[in-house]
Amino acid sequence: MTSNLMRKLMVAGAVIAALGVVGCKPKASPEAAAASDAAAASDAAAAASSAAADASAAASTAAASASDAAAAAPPASSAPPK
């Protein structure tokens, strides 16, 4: 067996096992499920906000680096090519 096939079989097994665990869980009350969903949504929003802030900081750093590189580059010659 190739490692690719083996990896796919392992992933499929993990998915089947996860579905089995989810299927055997007792049903939660609608209120508890709603509270859990709201907490998960809040966590996801916080993670998205943090990721957006990180991306903004990275873009700012990249722009500053590009500006520094442009300032350090020698000026282009205005003489026509020979």
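Since the structure is predicted, the reported quantities are computational estimates derived from the model, not experimental observations. (Residues numbered from 1 in each chain as written. Predicted model: local features only at pLDDT ≥ 70, side-chain atom pairs only at ≥ 80, totals over all residues. Heavy atoms only, no water.)

Trainee: Explain the overall build of the protein chain to me, please; I cannot follow it from the model alone.
Mentor: Of regular secondary structure, the protein chain possesses two helices and zero strands. Within the structure as shown, the protein chain displays about 6900 Å² of accessible surface, and the carbon and sulfur contribution to it stands at 68%. (Helix = DSSP H or I, 4+ residues; strand = E, 2+ residues; numbered from the N terminus. Areas by Shrake-Rupley, 256 points an atom, 1.4 Å probe, with all protein chains shown as cover.)

Trainee: Before we go on, may I ask you to explain a nonpolar patch on the surface in this structure?
Mentor: Taken together, the side chains of L5, M6, L9 and M10 present a nonpolar region at the surface, about 400 Å² in accessible area. When you line up the elements, M6 lands in helix α1 (residues 3-24). A relative accessible area of 41% means that M6 is categorised as partly exposed. (Patch = residues over 30% accessible without salt bridge, like charges linked within 9 Å, V, L, I, M, F, W, Y side chains within 5 Å. Salt bridge = Lys/Arg side-chain N within 4 Å of Asp/Glu carboxyl O. Buried < 20%, exposed > 50% of the residue type's maximum accessible area, 1.4 Å probe, protein only.)

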